[in-house]
Amino acid sequence: MTRRILGVGAVIRDADGRFLLVLRGHAPQAGRWTVPGGKVEPGESLRAAVVREVAEETGLHVEVEDLAWVVDIPGDDDVVFEVHDFVATVRSGTLQAGDDAADAGWFSPPEMAGLPLTTGLIKYLTRAGFLIDEGDAMPELLPLDPDELLTTTRSVRKRLDLERPVPLDVVKEALEVALQAPTGSNSQTWHWIVLTDPEIKQKVADLYAKSFATYSANQPRRDDTARRVASSAQYLADTMAQVPVLVIGAIYSGADLPDGNQAGLWGSLLPGAWSLQLALRARGLGSAWTTLHLVYEREVAEILGIPPNVHQGVLLPVAYYTGTDFKPAGRKPLDDILHVNGW
Ligand SMILES: Cc1cc2nc3c(=O)[nH]c(=O)nc-3n(C[C@H](O)[C@H](O)[C@H](O)COP(=O)(O)O)c2cc1C
């Protein structure tokens with residue numbers, strides 16, 4: 001039987017509208033920022049628990065005001081945490097992280113958007129009216145130098161946060177950056193189809209999963225790296241419909257694709273798609289380059305109303321990522337593929 005454990009939290013803001021957040025030091029969701037709080041002790045009132053938890057985790061003494069929301073958070077082994085989050089105001093004390101908070105600090109909404117937050121926090125703050133809308137949490141850019149950005153923008157699949165909403169404005173901002181990519185004769189014949197509707201995403205995801213099943217059944221015996229990619233790709237195929245945003249890059253190509261080498265056509269779309277991945281990464285969002293839906297390109301076009309003279313080139317699932325960093329990947333040695341002054 002499910003065991004319910006009472007918990008509390010505190011939504012605390014300073015005079016500048018910044019939120020007091022703590023970095024969770026322990027499971028669940030260790031390594032993510034959230035509002036201070038914790039379990040209610042036996043015989044303790046909810047409000048007394050808020051005062052105690054905030055003091056333990058931040059060193060600050062608060063006055064507890066209205067209830068902001070109540071949320072059920074599933075834990076391990078049939079445990080559900082019933083968390084009552086209250087509005088509170090700091091009355092005294094000096095900020096210092098303590099107890100199971102690994103760190104604590106004040107963050108503006110744009111700063112929060114660049115942080116790994118606990119699942120649903122932005123949603124609850126938005127619903128309770130603390131953020132005007134999710135666009136309030138527009139991310140600032142991550143402090144990555146150009147080489148770091150280029151070498152750590154990975155295909156993100158298992159670390160896509162399926163719970164955290166992605167504001168359309170963030171995707172549009174990244175697309176504005178992507179539109180600076182080159183196109184042949186500056187033709188800009190690309191189109192970007194952004195899917196957020198759950199039913200539409202489900203239809204496209206079903207076709208992707210069907211194509212993935214055929215593809216993966218025909219893969220040869222694999223080495224360790226290929227097996228890891230396959231497991232990650234399987235996960236994406238299983239969860240594609242739940243990814244908050246799917247972006248399809250497409251290009252006007254005439255009714256038929258050109259004969260022969262098509263680099264001139266796709267070169268006017270694909271650099272923009274990679275720029276989009278980079279711009280998303282710089283804003284704390286992950287994506288993965290995928291093409292398997294193209295087996296059913298016409299079916300996808302029908303679902304989305306894409307005209308017959310426009311061809312699709314890439315499907316990017318887009319979400320905030322969980323965890324904090326990505327590493328450069330192993331690649332073949334440059335010398336094996338480098339040809340200076342001829343092959
Ligand atoms: C042309 C192309 C097609 C791809 N198609 C898929 C796909 O359909 N599904 C998928 O999960 N990953 C797909 N990928 C992602 C690759 O598996 C990934 O880029 C590769 O394993 C290297 O990993 P990295 O991007 O993290 O460096 C594709 C990548 C490219 C460039």
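Cut-off values and rules
- Residues numbered from 1 in each chain as written.
- Predicted model: local features only at pLDDT ≥ 70, side-chain atom pairs only at ≥ 80, totals over all residues.
- Heavy atoms only, no water.
- Buried < 20%, exposed > 50% of the residue type's maximum accessible area, 1.4 Å probe, protein only.
- Helix = DSSP H or I, 4+ residues; strand = E, 2+ residues; numbered from the N terminus.
- Pairing = 2+ DSSP bridges.
- Domains from an automatic or database assignment.
- Buried area = accessible area lost by both parts, 1.4 Å probe.
- Salt bridge = Lys/Arg side-chain N within 4 Å of Asp/Glu carboxyl O.
- Phe/Tyr/Trp six-rings, centres within 6.5 Å; stacked < 30°, edge-to-face > 60°.
- Lys NZ or Arg CZ within 6 Å of the ring centre and 35° of its normal.

**Observations concerning the pairing of strand E1 (residues 3–12)**
Here is step 1: E1 sits mainly inside the fold: 7 of its 10 residues count as buried.
Here is step 2: In the sheet, E1 pairs with strand E6 (residues 79–93) via 10 bridges, with the strands oriented parallel. Across the sheet, residue Ile12 finds its bridge partner in E6, namely Ala88.
Here is step 3: Across 3 bridges, E1 lies against strand E4 (residues 37–39) in antiparallel orientation. Note on E4: the bridge partner recorded for Gly9 is Gly37.

**Digging into the domain arrangement of the protein chain**
Note on interface size: it is often stated as the accessible area lost on association of the parts.
Here is step 1: What the domain assignment reports for the protein chain is domain 1 (3–137) and domain 2 (146–320).
Here is step 2: Each of domain 1 and domain 2 has a C-alpha centre, and these two points are 35 Å apart.
Here is step 3: Summed over both partners, the interface of domain 1 with domain 2 buries about 680 Å², with 54% contributed by carbon and sulfur atoms.
Here is step 4: For the pair domain 1 and domain 2, the number of links is 1 salt bridge.
Here is step 5: A salt bridge links Asp161 to Arg32, with the shortest nitrogen-to-oxygen separation between them at 3.4 Å.

**With respect to the sheet that holds strand E3 (residues 33–34)**
Within a sheet, neighbouring strands are paired by backbone hydrogen bonds and run either parallel or antiparallel to one another.
Here is step 1: Taken together, the 3 strands give an open sheet; going across it, the order is E3-E2-E7, and neighbouring strands pair in antiparallel fashion. Whereas interior strands pair on both sides, the edge strands pair on one side only; in this sheet they are E3 and strand E7 (101–107).
Here is step 2: As paired strands, strand E2 (residues 19–24) and E7 are joined by 6 bridges and run antiparallel to one another. Paired with Leu21 across the two strands is Gly105, which belongs to E7.

**Digging into the packing of aromatic side chains**
Here is step 1: Scanning all chains against the criterion turns up 6 aromatic pairs.
Here is step 2: With 5.7 Å between their ring centres and 25° between their planes, Trp69 and Tyr124 make a pair best called stacked. Of this pair, Trp69 sits in strand E5 (residues 60–74) while Tyr124 sits in helix H3 (residues 121–127), and the two are 55 residues apart along the sequence.
Here is step 3: By relative accessible area, which is 11% here, Trp69 ends up buried.
Here is step 4: When its relative accessible area of 22% is taken as the criterion, Tyr124 is described as partly exposed.
Here is step 5: Members of the aromatic cluster, each reached through a chain of ring pairs, are Trp69, Tyr124 and Phe130.
Here is step 6: The ring of Phe326 has Arg159 sitting right over it, with the charged end atom 4.0 Å from the ring centre.
Here is step 7: The residue whose ring lies beneath Arg164 is Tyr320, and the NZ or CZ to ring-centre distance is 3.6 Å.

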